[in-house]
Amino acid sequence: MRTAQVIMETGAHAAALAVKCARVDVIPGYPITPQTSIMEALSAMVEKGELDARFIPVEGEHSALAAAVAASAAGARVFTATSSNGLLYMHEVLHMASGGRLPVVMCNVNRGIFAPWTLWADHQDSFAQRDTGWIQFHCSSNQEVFNTVLQAFRVAEQINIPVMVNFDGFVISHCFMPLNVPAQEDIDRFLPLHEPEWRLDPAHPSSFSNVTNAAEYASFRQMLSQDIMASIPLVKEAAQSYKDITGMWDGDTIDTYRMEDAEVVVLAVNSMAAELRLSVDILREQGIRAGLLRPRLILPFPAQDIIDALPQNAQVMVLDRNYNFGHHGGILASELKSVLFGRRHDITVKNRVMGIGGVDLTRRFMADEIRAMLDE
Amino acid sequence: MTTSIKKLPDTEQVLSGNGACGGCPATMALRMVGKALGTNAIMLLTPACSVASMGMTPKLGYNWPCINICFATAGASASGITHAIEIMKEKGRLQGELPTVFSWVGDGGTYDIGFQALSAAAERNENIIHFCYNNEAYSNTGVQRSGATPRGSFTTTTPTGKVQPKKNMPMLMLEHNIPYVATATVAYPGDLYDKVVKAKNISGMKYIEILAPCYLGWQFDMADTVQMSRMAVRSGAWLLWEAENGKISFNSPSSHIINGKRDADPVNEYVMKQGRFNRLLNGADAARRIAEIQGDVDREIAFMRERAKIMI
Amino acid sequence: MKSVTKAYRPISWPMKGAGGETGTWRGHRPVVNSQICTKCQFCWVYCPEAVIDRYEITIDYRYCKGCGVCAAECPTGAISMEKEE
C-alpha cells in the first residue's frame, strides 16, 4: 500500500480525480446542480493538459449520455455525470447503454426530482432508474466515491454492463473531506487499459443493435438479466483487489458496522448511512444493541450477502430517502422484504421515509426515529 | 465538371438483398454515398427506413461498421464517435487514416426530434457528415407529417393536406456557420457523389440533404422514383446548391433557374403525378391549393436567389 | 477479460440477402435486350439494389426486387419489364 498523497477535496472533485486516474478518453458533459463541479473540474483538467481526454460540451443530458454510449461503442473509456432531472432526461439512453452492453461509467449526484423544484438530496432520481439495467453503487463518503469510480470501471469493462456511482448532492458533492489518492502506477495495476472485445471498426465492419426477432430479443434480455446477477462476485473481487493494492476498503456489496451482536439493524444508503454510524453509537450507549447494514450495491440487490449478514431474530429498521409510490414507505424496504420472503422468517422489517428533498438527517434525529420505530 | 456515371467507383457499400422497398430512393442515394466515402467510415442510424432496410440481427445489408442510436441523438452520438477515434489515435491505440464518421438520418431525425442535438453538434463544428435523406414524411411509420412535409401534402396525420409550408433545413444548418452544406437528389448521382467527396475532405461539420422521393409516401409508381426526383428539381421544388464556408453556389440545373436562363417548370405536373397532392386536388379549391404550393416554391427560389448574394 | 455469457451483444455482420431472398418480391422481371443496350450504365447507377453488373449489364435476379427504375431510366428502351409467372 502506497498512498501518493492525502488532500482535502469535495466529493465532486474526488469523482473528477478518479476519472483522471482512470485515464478516461471521452467525457461528454452538461451542467446541473449539484453535479456541475464534476464537469467543471474535468473540463479544466482537459484544457490544462492534465488529463489526456476529450471533453464534449453537449447541449443536454440526453445528448451527454448518447455521446458517451457512442464513444464507448467506438472503443473509448468514457465517463459522464448528472443529477436529478438530468438523469431522468437520459432515461431511454440508459436502456441503450445496458441493452447494448456498453461499459459506460456515470456519476449521479443524488438530488430530489421536479415538481416542485428542490436542489437538495434524496434518492428518488437513482431509484427511479432501478429497472434500466445499470449496476448501481451508492456511496457514503468522498473517499468511497473516489474508490468506487475506479472499481466501477473495472467491473463495467469485465462484464460489459454500465455502472452508475451515486452519492448525495451537497452533503458529499460539496463538502471537503480528507482524500487518499493512491499512486498512479497502483491504479494502473488495478485498472488496466480498456481493450474492448468489440468496437466500431472499419477493418471489421459489424453493426450494433439492428432490429431483432422476438426470440433473439428475449435472449439478449435474458443474458443481460443473468449477467447483472453475475456481477456480484466481480464487485467483491474488485473491492478486494482494490484493498490489496491500495489498502482501502469501503465494504464490497455491503458495508457493516457493529453488526456482531446486533438485535436492531439499521439499513440505509449514501451519506445518511455514514451519519447512522454515530446514531448506532448513541443507541448502543442507550442500551440498544444496534448495528448498521449499508448496501453499497443497490442493483443487483445483494440478497445473499444481506441475508448472511442479518443476525438471528433481528429487527431491521429501513430508512428510505425515497418513496415507493403505490406502497407504504420506500423502495429499499420493498427490496429487502422481497429478499427475505420465504428465506428468513425470523426477521422483522420496519420502514420510515425521511430526508426527502434534503431535510437534514442528524445522528440524534435518526437515533430518536429508530427508538420510536422499536415501539411501533 | 460533375463526375460522369462511368467514372464512379465500383465500390458497393449497400449490399444486394437488403430490406428496403423496391425502388427505394434512400438506398439509391446511399449507394452513391458509399462510392464517395469508401469502406473507411463509421455509420450512425436513427430509427428510420434505412434501419428497417439494413437487415435483422445478425445480418447487415451495409458494408460499414454501423450503430443504431436513439432517435434524437444523431448529432451527439456522431460527436462521441469522432472524439473517441481521434483521442484513441492520439494515444496510439488506433493506426492509419481515421474513418469518416457519418450519420444517415431521415427528415424526422433531422428536422424534428433530432434538431436540438444536430444544431448543437453544428455549433461545436464537430468533424462529422450529417446526411438527411428527406422523403418529406415519416415514411417508416406509415407516412405521417414531419417538418419537411410540404404544404398541401396528404399524410396520415394531415388527411386534408398540410397547412404549413416546410422549413428550409439546409439554410438553418448554413446559419450555424459550418464549413459545408449541400443539397442533392437521386436523379443527379454525379452531383451527389461529388458533394460527398468534397465533404469527406473538409474538416468540421458537414451537412448534406438528399431529396428522396418515396413512392409509398408520395403515391406514385415506384419505377418513376428517379423521374420524380428530376421533376422536383426542374420545377424548382428542390434546389441543388452547396455552400463552402458560407458562400452559396447553385448546381445545374437549379443554377439556370436561379440565374434566369431557364424558367422553372410549373409545379402542376410534378404535383399532379403524386397521389399525396392530387387526391386533394379534385375539388373546387384545387386551383387555390396549387397556387399555394406554387407560391411556396416561388418564395423559396426568390429567397435563395437573394440569400446567395450575401457573400460575407 | 471475458463476459459470462456469449453473443450477449446485438451485433450483425455484412452479407448479401440481409433482407432475405428479395428476388421473390418481384412482380415484374427486367430483361435487357443486348442488341439495343449501349452500356451507358444508367440502369446500374440508378438501381437501388446494386444488382446490375455495370460492364456486362446483367441482372442478379436472386435479389432484384423488380422496381422497374432501370427500365424507366434506360435511354434506349433496352430494358423491358416482363410479368413473372
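Refer to the structure printed above.
Presented here is a report on the structure given in the accompanying data block. Note that the structure is predicted; figures quoted are calculated from it, not measured.

1. So, the sheet that holds strand 6 (residues 135–138) of chain A
Residue and element names in this part refer to chain A. Within the open sheet, the 5 strands sit side by side as 4-5-7-6-13. Their pairing is mixed. The sheet terminates laterally at strand 4 (79–82) and strand 13 (297–299), the two strands that pair on one side only. In this sheet, neighbouring strand axes are inclined to one another by 25° on average, regardless of whether the strands run parallel or antiparallel. The pairing of strand 6 with strand 7 (residues 163–168) spans 4 bridges and is classified as parallel. Opposite H138, over in strand 7, you have N166 as the bridge partner. On top of the sheet, helix 7 (residues 142–159) reaches strand 4, strand 5 (105–110), strand 6 and strand 7; it is set at about 165° to strand 7, its chief contact.

2. Quick look at the pattern of salt bridges
Residues and elements named next belong to chain B. For the coordinates displayed, the defined rule picks out 50 salt bridges over all chains. In this structure, the salt-bridge partner of R262 is D265, at a minimum N-O distance of 3.6 Å. By relative accessible area, which is 29% here, R262 ends up partly exposed. A residue is classified by how much of its surface remains accessible, and D265, at 33% relative accessible area, is partly exposed. Among the salt bridges present, the one from E300 reaches R299, with a minimum N-O distance of 3.0 Å. For E300, a relative accessible area of 22% puts it in the partly exposed group.

3. Topic: the side chain of A:S271
All names here are of chain A. Take S271: it is sitting in helix 10 (residues 271–285). On the basis of relative accessibility, which here comes to 10%, the residue S271 falls in the buried class. Only 2.4 Å separates the side chain of S271 from the side chain of D168, close enough to count as a polar contact. If sequence neighbours within four positions are ignored, S271 has contacts with C139, S140, D168, V171, I172 and R321.

Criteria and thresholds
Residues numbered from 1 in each chain as written. Chains lettered and ligands numbered in written order. Predicted model: local features only at pLDDT ≥ 70, side-chain atom pairs only at ≥ 80, totals over all residues. Heavy atoms only, no water. Pairing = 2+ DSSP bridges. Helix = DSSP H or I, 4+ residues; strand = E, 2+ residues; numbered from the N terminus. Axes fitted to C-alpha atoms, helices over the stretch in contact; angles between N-to-C directions. Contact = heavy atoms within 4.5 Å. Salt bridge = Lys/Arg side-chain N within 4 Å of Asp/Glu carboxyl O. Buried < 20%, exposed > 50% of the residue type's maximum accessible area, 1.4 Å probe, protein only. Polar contact = N/O pair within 3.5 Å; in protein donor to acceptor, adjacent residues only side chain to side chain.

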